[in-house]
Amino acid sequence: MTKNPVPRSEHVNRSRTVEQLVVGKATSDGAGVKLTRVLTQSLQRRLDPFLMLDAFGSDNPDDYIAGFPDHPHRGFETVTYMIAGRMRHRDSAGHEGLLENGGVQWMTAGRGVIHSEIPQQEEGVMEGFQLWLNLPGKDKLCVPWYRDFAAADLPRLVTETGVAVNVIAGESHGVSGAVTREATAPLYLDLHLPANARFTQALPAGHNAFVYVYRGVLSIAGSMVPAQRMAILASEAQADGVVIEARSEAKALLIAGQPLNEPIAQYGPFVMNTEQEIYQALNDFRDGRLA
Ligand code: MN
């Protein structure tokens, strides 16, 4: 059910500024799915606890039809947000689900899953995002967890300024998101802003935060942020949140989280704290102990 509670205002006395605008890197993954890697490995430290953000969007089936056949993950969580399109997920923990138009799939790989993500359409637009969220070392080998949220099940609110917000994780204007996590305290909002609308969101000072604009143009503390750009928000001690203004009708993701401040060792789909743990993951995968 779509919830439309009366939104509580978010007071922001001083907005964070834009530290850097990032252009994603065109790449392909899986069996040849074309995508833009917005948050790349070189930004993992800066944007801790987030490890990756991929944006995909195409109306050419050749760009997505092959999907992501069976592959493993260990040590973190994947959050897939499907703006448009249909994708079927199956994993070795016995989970299966259809992710479509506006739905979210949250998967905690923990000690390991092998899964596939296969498009269920042969034409039309497929557009969405996959975010990787790290797990603290103590939870990296936890039991895998999985949930699908249809668009209608996502907590949603409309601010007094007309901004529609899907609260995928965290809390905004008094509305709690679909998922909460203690260690990383992720905030994941999808904002739909009418032209000239203003949106405020309080952010804890120590949390790393970024905005990815996927339609239109935003302005944050005097900096213009056009579509297909990620604005890394400065971690200013005096700032207590972010104020976002739409220069046109715009859509954007606002993502923030509490850094883990732990070593990050990544080898492809495995993200652990040490190289030794990566070798262990590779051995476990090879010997069939991952799933
Ligand atoms: Mn995957």
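In the block above lies the structure referred to throughout.
Residues numbered from 1 in each chain as written. Predicted model: local features only at pLDDT ≥ 70, side-chain atom pairs only at ≥ 80, totals over all residues. Heavy atoms only, no water.

### Brief notes about the sheet that holds strand β10 (residues 113-119)
- Spatial strand order, β5-β10-β7-β8: four strands in an open sheet with antiparallel pairing. The outermost strands of the open sheet, each flanked by one partner alone, are β5 (68-73) and β8 (96-100). Strand-to-strand, the axes of this sheet are offset by a mean angle of 20 degrees, without reference to chain direction. (Pairing = 2+ DSSP bridges. Helix = DSSP H or I, 4+ residues; strand = E, 2+ residues; numbered from the N terminus. Axes fitted to C-alpha atoms, helices over the stretch in contact; angles between N-to-C directions.)

### Observations concerning the coordination of the manganese ion
- Every protein donor of the manganese ion is listed here as His71 (NE2), His73 (NE2) and His115 (NE2), and their distances to the metal cover 2.1 to 2.2 Å.
- Coordination of the manganese ion draws on donor residues from a single chain, spaced H-x1-H-x41-H in sequence. Remark: His115 occurs in strand β10 and His73 occurs in strand β5; sequence separation between them is 42 residues. Neither His73 nor His115 differs from the other in exposure class; each is buried. (Donors = N, O, S within 2.8 Å, 3.2 Å for Na, K, Ca; no water. Buried < 20%, exposed > 50% of the residue type's maximum accessible area, 1.4 Å probe, protein only.)

### Brief notes about unusual backbone geometry
- Between Asp48 and Pro49 the backbone carries a cis peptide bond, its omega angle lying at 15 degrees.
- Inspection of the secondary structure assignment puts Pro49 in the loop between β3 (33-39) and β4 (50-58).
- Despite not being glycine, Asn196 has its phi angle at roughly 70 degrees, a positive value.
- Here Asn196 is to be found in the loop between β17 (187-193) and β18 (198-202).
- For Asn196, a relative accessible area of 63% puts it in the exposed group.
- Positive phi is not limited to glycine here, since Gln228 has a value of about 65 degrees.
- When you line up the elements, Gln228 lands in the loop between β21 (223-225) and β22 (229-233).

### A few points about the pattern of salt bridges
- All chains considered together, the criterion is met by 15 salt bridges.
- With a shortest N-O distance of 3.9 Å, Asp48 and Arg45 are connected by a salt bridge.
- Asp48 gets classed as buried once you look at its relative accessible area, which sits at 4%.
- Across the pair Asp284 and Arg74 runs a salt bridge, and its minimum N-O distance is 3.1 Å. Of this pair, Asp284 sits in helix α1 (residues 275-286) while Arg74 sits in the loop between β5 and β6 (76-84), placing them 210 residues apart in sequence. Across this residue pair, the class does not change: Asp284 and Arg74 are buried.
- Via salt bridges that share partners, Arg74, Asp284, Arg286, Asp287 and Arg289 belong to a single interconnected network. (Salt bridge = Lys/Arg side-chain N within 4 Å of Asp/Glu carboxyl O.)

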